[in-house]
Amino acid sequence: MTPSVENAIAAGADLLASSSESAKLDAQVLLLNILQKPRSYLFTWPEKQLTDEQYQAFQCACERRLQGEPVSHITGCREFWSLQFEVNPTTLIPRPDTETLVELALECKVPKNAKVLDLGTGTGAIALALGSEMPSWDIIAVDRIDDAVALAKRNQERLAINNVTVEQSNWFSALKNKKFDLIVTNPPYIEHDDVHLHQGDVRFEPLSALVADDAGLADIKQIITQSRDYLLSSGYLLIEHGFEQSAAVRHILNKMAFINVSTVKDLGNNDRVTFGQWP
Ligand SMILES: C[S@@+](CC[C@H](N)C(=O)[O-])C[C@H]1O[C@@H](n2cnc3c(N)ncnc32)[C@H](O)[C@@H]1O
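Rules used throughout
- Residues numbered from 1 in each chain as written.
- Predicted model: local features only at pLDDT ≥ 70, side-chain atom pairs only at ≥ 80, totals over all residues.
- Heavy atoms only, no water.
- Salt bridge = Lys/Arg side-chain N within 4 Å of Asp/Glu carboxyl O.
- Helix = DSSP H or I, 4+ residues; strand = E, 2+ residues; numbered from the N terminus.
- Buried < 20%, exposed > 50% of the residue type's maximum accessible area, 1.4 Å probe, protein only.
- Near = heavy atom within 4 Å.
- Polar contact = N/O pair within 3.5 Å; in protein donor to acceptor, adjacent residues only side chain to side chain.
- Areas by Shrake-Rupley, 256 points an atom, 1.4 Å probe, with all protein chains shown as cover.
- Nonpolar A, V, L, I, M, F, W, Y, C, P; charged D, E, K, R; others polar.
- Domains from an automatic or database assignment.
- Phe/Tyr/Trp six-rings, centres within 6.5 Å; stacked < 30°, edge-to-face > 60°.
- Pairing = 2+ DSSP bridges.
- Axes fitted to C-alpha atoms, helices over the stretch in contact; angles between N-to-C directions.
- Contact = heavy atoms within 4.5 Å.

1. Here we look at the pattern of salt bridges
Alright, step 1. Evaluation of the coordinates by the stated rule reveals ten salt bridges.
Alright, step 2. A salt bridge links D26 to R65; its shortest N-O distance comes to 2.9 Å. Of the two residues, D26 sits in helix α2 (residues 23–35) while R65 sits in helix α4 (residues 52–66), which places them 39 residues apart along the sequence.
Alright, step 3. D26 sits in the buried class, given a relative accessible area of 5%.
Alright, step 4. Between D266 and R272 there is a salt bridge, with the nearest N and O atoms lying 2.9 Å from each other.
Alright, step 5. Salt bridges linked by common partners bring D26, R65 and D201 together as one network.

2. Some points on the site of the ligand
Alright, step 1. Near the ligand you find 19 residues, and of these T91, G120, D143, N170 and W171 are the closest.
Alright, step 2. Separating an oxygen atom of the ligand from a side-chain N or O atom of D143 is a distance of 2.6 Å.
Alright, step 3. Against a free-state accessible area of 600 Å², the protein chains account for coverage of 97% of the ligand.
Alright, step 4. Here the shell around the ligand is built from residues that sort into eight nonpolar, nine polar and two charged.

3. Structural notes on unusual backbone geometry
Alright, step 1. Phi at D214 takes a positive value of approximately 60 degrees, unusual for a residue other than glycine.
Alright, step 2. For D214, the location among the structural elements is in the loop between α9 (207–210) and α10 (218–227).
Alright, step 3. For D214, a relative accessible area of 42% puts it in the partly exposed group.

4. Regarding the domain arrangement of the chain
Alright, step 1. Domain annotation of the chain identifies domain 1 (5–68) and domain 2 (78–277).
Alright, step 2. Computed from C-alpha coordinates alone, the two centres of domain 1 and domain 2 are separated by 33 Å.

5. A few points about the packing of aromatic side chains
Alright, step 1. The tally for this structure, following the rule as stated, stands at three aromatic pairs.
Alright, step 2. An angle of 55 degrees between the planes, with centres 5.1 Å apart, marks the rings of F258 and W278 as tilted. With F258 in the loop between α11 (246–255) and β8 (259–265) and W278 in the segment after β9 (271–277), the pair connects residues that are 20 residues apart, well separated along the chain.

6. Points about the pairing of β9
Alright, step 1. The buried count for β9 comes to seven of seven residues, which makes it a mostly enclosed element.
Alright, step 2. Sheet topology note: the strand β7 (residues 231–240)/β9 ladder contains five bridges and is antiparallel. Pairing of I239 across the sheet is with T274, part of β9.
Alright, step 3. Relative to β9, β8 runs antiparallel, the two being bridged by five bridges. Its bridge partner lying in β9, T263 is registered against T274.
Alright, step 4. Joining the antiparallel neighbours β8 and β9 is a turn of five residues, in which N269 adopts a positive phi near 70 degrees.

7. A short note on the sheet that holds β8
Across a sheet, paired strands are connected by hydrogen bonds in the backbone, their directions being either parallel or antiparallel.
Alright, step 1. Spatial strand order, β5-β4-β3-β6-β7-β9-β8: seven strands in an open sheet with mixed pairing. Of all the strands in the sheet, the pair left with one neighbour each is β5 (164–168) and β8. Put simply, the sheet's adjacent strands are angled 15 degrees from each other on average, direction ignored.
Alright, step 2. As paired elements, strand β4 (residues 138–143) and β5 share five bridges and run parallel to each other. Residue pairing in the sheet places V142 in a bridge with E167 of β5.
Alright, step 3. Seen against the sheet, helix α7 (residues 125–133) touches β3 (115–119), β4, β5 and β6 (180–185) and runs at an angle of roughly 170 degrees to β4.

Right, here's the structure in full:
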């Protein structure tokens, strides 16, 4: 006999306890994805018995999680800024920390019909969150990886956020002669030998989304240097970075003649986003 919803989750949580710090939540998310039900279902129908097919699919999902695969890769989706994003191993799974960058972007004093650029858009998370909040903004989102561009386009179409255009570009290469009021980016910024690359969900994400030369600062330096040719006067550049990189990023921005340079902390109280304005 197959278990009830409640018992399946308890068994799943037990199985995952040795490999995940969020075993119960993981089991809940995996089962809800199979049942295609909202979270409230767990509390309204705890005694509902699973079908054979549902139970088999749940066992299979728990096995994959036990091997370390991120929950979002198993379900194929992740929530960011209250929007549902398709995710896959071609780019980063959107992180809650990145909502700090979105919040800061929304506070920037830009024209109503601002021209906005998201560099290294991945799933499209930042660009689509901004597009959903600011329908009058004209937003371009670019990524170097073709499969990430295709993924961001699918997310844009499914979410029907029509003020966001997704394009393939190696940083600014496809943006000749364009100027922006606001450039946002969450670029790769992890050092090649960082131990975190071998831990947890990060093991399943591509190095193209994570790693940069020069102590993790190579892409940030390139973006800061090049963005001076793509920002309108008083335009903003907002950069997400590692929690120990803020002083270095402020230093580069100041050296490159940006003004009003400052850093903002994320919800975990870590330095997370540094910004400046082009004079
Ligand atoms: C840290 S991920 C951020 C993804 C997404 N913006 C987010 O916050 O969830 C960095 C992204 O930058 C892209 N990327 C790396 N190098 C790039 C380059 N030279 N030009 C454009 N995109 C690049 C990667 O493919 C990846 O999608």
